[in-house]
Amino acid sequence: MGGAPVLSVDDLKGGFSNGFELKSEGSQTATVIGDKTYVISGNDGESTSTFGVRVFTKSTGEWAVPKVLGTKPNQCKGHAAVPLDEERILVVRGDSTLDDCAWFLEVDTKFIRQQRNNSDTEVVAWSKGVRGDVEKPIVISGPSGVGKGTLISKLMKEFPEMFGFSVSHTTRAPRNKEEDGVHYHFTDLSVMEKDIKDGKFLEFASVHGNLYGTSVEAVEAVADAGKICILDIDVQGARSVRSTSLEAIFIFISPPSFEELEKRLCKRGTETEEQIQKRLQNARTELEQGQSPGLFDHILINDDLETCYENLKKLLGLDGRIGAAPAPASKSLPRLVDLPMVSDHLVSKIDHRILINCATAGPNKKLVLIEASSLGGGAPGRTRGLDVYAIDYPLAKWRG
Ligand code: ADP
Ligand code: 5GP
């Protein structure tokens, strides 16, 4: 585990003398993980509505303002910060609902390590803790014309409350019936390249001569609607997502034969002959890569459409369900937490169980227990598998 749990701002002031001015106003915590100290501030100096982060590297004595990815948690009345492991810091927001109190600052997860390769500065990312076992996103890949879009449309039509589509960005021109913001976000190459550089994309790839990518925001929008996110992306994109901490179910759709694939592409009539040939050429590589060990969890052959659709539903555990199924349980929670935490909070941590003593005096005193032993997913966006309990005093009540 990474070093001392939580230092106070005063500890830092005494310990480091390289002239970095720690603000004493607002809420700040300093969390040590290995050689680095992450100072999380409820007031980042630019805006009063979000959190700010600064990083101190002990061995070099240098402070850095990192590139911060993901949506930041909103400003709140105090916060607590606990290093969960070497990869992330748990940040508990004061005066928030249990649904919105647990956030993670990822400092060295797979996703961060990958993003660091594209950046010459420190990189960290916010990820919101989601209670319970929220279902994993679904990545669907396969060669152009195999029927991915058709299968996804059927699924979304039958289960509109359950699934949401991750609307990708692309530099290709819209087809006849395609709507901006619905089928794709149609964008210019220069804008997309800048956004990629700014860390706004979960993954991106050059496909059939155009740039395609999934923005962090596209995935978050679906998660925020309480739906399971479906991503229609190419094999390179699937590989990139595999290497992030976004845990997903990876499904590859294969055609019954190459000839049938060609027939479908021609019949769709959305591409020129030249574009069709390019897509078919790329299909050979994609079909090969679809077999890469460990990349896809399931391979479905889309021969007869109805059979393939039934098989898709089966592997998603939806067989036997007819019509619009209810959305995954979204428990509505009372506003329980009233935590003026930064001034006087007490955090204890045993393995992945964190107990926060919210220092509200008198009969309102509360404990919050966060159980983080089975986390899944991660930045960008959401970290699943968290349990948060608010516990009223006396202690004996919840113990027994
Ligand atoms: P993708 O999204 O993978 O590029 P589409 O969903 O657009 O592919 O499907 C390509 C074409 O093939 C469409 O015209 C669609 O109606 C047709 N199609 C899809 N699945 C089947 C199938 N199982 N049998 C015959 N045609 C199909
Ligand atoms: P189309 O131009 O036919 O809509 O899509 C062409 C290919 O791009 C398809 O294989 C589709 O899965 C892929 N694609 C669409 N969106 C994305 C994306 O956001 N990222 C990646 N990597 N591929 C995408």
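It should be noted that the structure appears before, not after, this text.
Just so it is clear, the model here is predicted, and its values are computed rather than measured.

J.: For this particular structure, what's the right way to read the overall build of the protein chain?
T.: For the protein chain, the helix and strand inventory stands at 11 helices and 24 strands. By residue count, 49% of the 400 residues in the protein chain fall in the buried class. Within the protein chain, contacts between residues separated by at least 24 positions form 61% of all contacts whose residues are at least 6 apart in sequence. Counting only carbon and sulfur atoms, one obtains 49% of the accessible surface of the protein chain, whose full area is about 19,000 Å².

J.: Looking at this model, I keep getting lost on the sheet that holds strand β13 (residues 168-170). Mind explaining?
T.: Whether parallel or antiparallel, the strands of a sheet pair through hydrogen bonds between backbone atoms. A sheet is described by the order of its strands in space; here four strands give the open sequence β14-β13-β16-β15, paired in mixed fashion. Of all strands in the sheet, those bounded by a partner on one side alone are β14 (184-186) and β15 (201-207). Geometrically, the sheet is characterised by an average inter-axis angle of 25° between neighbouring strands, direction not taken into account.

J.: Got a minute to help me understand the packing of helix α7 (residues 258-268) against helix α8 (residues 273-289) in this structure?
T.: Angle between the axes and distance between the axes are the two parameters that describe a pair of packed helices. Closest axis-to-axis distance for the α7/α8 pair is 11 Å, and the angle between their directions is 145°. Along this stretch, α7 crosses α8, giving a crossing that reads as right-handed. Between α7, through F258, L261, E262, L265, C266 and R268, and α8, the contact on the second element is made entirely by I276, Q277, R279, L280, A283, R284 and L287. When its residues are assigned to classes, the contact of α7 with α8 shows eight nonpolar, one polar and four charged.

J.: Is there a simple way to think about the environment of S141 in this case?
T.: Position of S141 relative to the elements: it lies in strand β11 (residues 138-141). As for S141 and I233, which are separated by 92 residues in sequence, their C-alpha atoms are 5.4 Å apart. Setting aside chain neighbours within four positions, we find S141 in contact with K148, I233, D234, V235, A238, I251, F252, I253 and F296. Within the local environment of S141, its side chain forms a polar contact with the backbone oxygen of I233, the two atoms lying 2.6 Å apart.

J.: It is not clear to me how the packing of aromatic side chains should be interpreted in this structure. Could you clarify?
T.: For any two aromatic rings, the description comes down to two numbers: the centre-to-centre distance and the angle of the planes. Across all of its chains, the model carries seven aromatic pairs by this definition. For the ring pair W103 and W126, a centre distance of 6.5 Å and an interplane angle of 80° mean the geometry is edge-to-face. Taken as a pair, W103 in strand β9 (residues 102-106) and W126 in strand β10 (residues 123-131) lie far apart in primary sequence, 23 residues in all. Neither residue differs from the other here; W103 and W126 are each classed as buried. By the ring-pair criterion, three or more aromatic residues cluster together here, those being F51, W103 and W126. Positioned above the aromatic ring of Y309 is the side chain of K154, whose terminal nitrogen or guanidinium carbon lies 4.9 Å from the ring centre.

J.: Would you explain the site of ligand 2 in this entry?
T.: Close to ligand 2 lie 18 residues; S168, R172, Y184, Y212 and D232 are nearest. R172 places a side-chain nitrogen or oxygen 2.6 Å from an oxygen atom of ligand 2. Contact distances for ligand 2 include 2.7 Å between a nitrogen atom and a side-chain N or O atom of E203. Relative to its free-state accessible area of 510 Å², ligand 2 is covered by the protein chains to the extent of 96%. Mapped onto the shell around ligand 2, the elements with two or more residues apiece are β15 and β16 (210-215).

J.: Would you mind going over the site of ligand 1 with me for this structure?
T.: Of all residues adjacent to ligand 1, which total 15 residues, the nearest are G145, G149, T150, R268 and N302. Measuring from an oxygen atom of ligand 1, one finds a backbone N or O atom of V146 at 3.3 Å. Within the side chain of T150, a nitrogen or oxygen atom sits 2.5 Å from an oxygen atom of ligand 1. Protein contact buries 74% of the 560 Å² of open area that ligand 1 shows by itself. Considered class by class, the residues forming the shell around ligand 1 number three nonpolar, six polar and six charged.

J.: I tried to follow the packing of helix α3 (residues 148-158) against helix α9 (residues 305-315) on my own but got confused; where do I start?
T.: Look at α3 against α9: their axes get within 10 Å of each other, and the N-to-C directions meet at 60°. In terms of axis orientation, α3 runs oblique to α9. The element α3 and its partner α9 pack so that their crossing is right-handed. On the side of α3, the interface is formed by T150, L151, K154, L155 and E158, while α9 contributes L305, E306, C308, Y309, L312 and K313. Residue composition of the contact of α3 with α9, by class: six nonpolar, one polar and four charged.

Definitions and limits used
- Each residue is numbered by its place in its chain's sequence as written, counting from 1.
- Each chain gets a letter, beginning with A, and each ligand a number, beginning with 1, in the order they are written.
- Reporting in this predicted model follows two pLDDT cut-offs: at least 70 for local features of residues, and 80 or more for side-chain atom pairs to be given and counted; totals over whole chains, interfaces and linings ignore these cut-offs and use all residues.
- The side-chain numbers reported here are obtained from all heavy atoms of the structure, hydrogens and water having been left aside.
- In this text, helices come from DSSP runs of H or I with a minimum length of four residues, and strands from runs of E with a minimum of two, each type numbered from the N-terminal end.
- Buried means the residue's accessible area, taken with a 1.4 Å probe over protein chains only, is under 20% of the maximum for its type, while exposed means over 50%, and partly exposed covers the values in between.
- By definition, residues are in contact when any of their heavy atoms lie within 4.5 Å.
- Values of accessible area rely on a 1.4 Å probe in the Shrake-Rupley scheme; residue burial ignores everything except the protein chains shown.
- Strand pairing follows a simple DSSP-based rule, namely that at least 2 bridges must link the two strands.
- Inter-axis angles, ranging from 0 to 180 degrees, are taken between N-to-C directions of lines fitted to C-alpha atoms, where helices are fitted over the stretch in contact.
- By definition, turning the near helix anticlockwise from the far helix through less than a right angle yields a left-handed crossing, and turning it clockwise yields a right-handed one.
- Lys, Arg, Asp and Glu make up the charged group, whereas Ala, Val, Leu, Ile, Met, Phe, Trp, Tyr, Cys and Pro make up the nonpolar group; the residues left over, Gly among them, are polar.
- In protein, a polar contact requires one atom able to donate a hydrogen and another able to accept it; more generally it is a pair of N or O atoms within 3.5 Å, and residues adjacent in sequence count only if both atoms are side-chain atoms.
- A pair of Phe, Tyr and Trp rings is counted when the ring centres sit within 6.5 Å of each other, with Trp represented by its six-membered ring. The angle between the planes then sorts it: under 30 degrees is stacked, over 60 is edge-to-face, the rest tilted.
- We call a charge positioned over a ring when the NZ of a Lys or the CZ of an Arg lies within 6 Å of the ring centre and within 35 degrees of the ring normal.
- The rule for a residue being near a molecule or strand is that one of its heavy atoms must lie within 4 Å of it.
- Comment on the angle field: the value is read as roughly parallel under 35 degrees, roughly antiparallel over 145, roughly perpendicular from 65 to 115, and oblique elsewhere.

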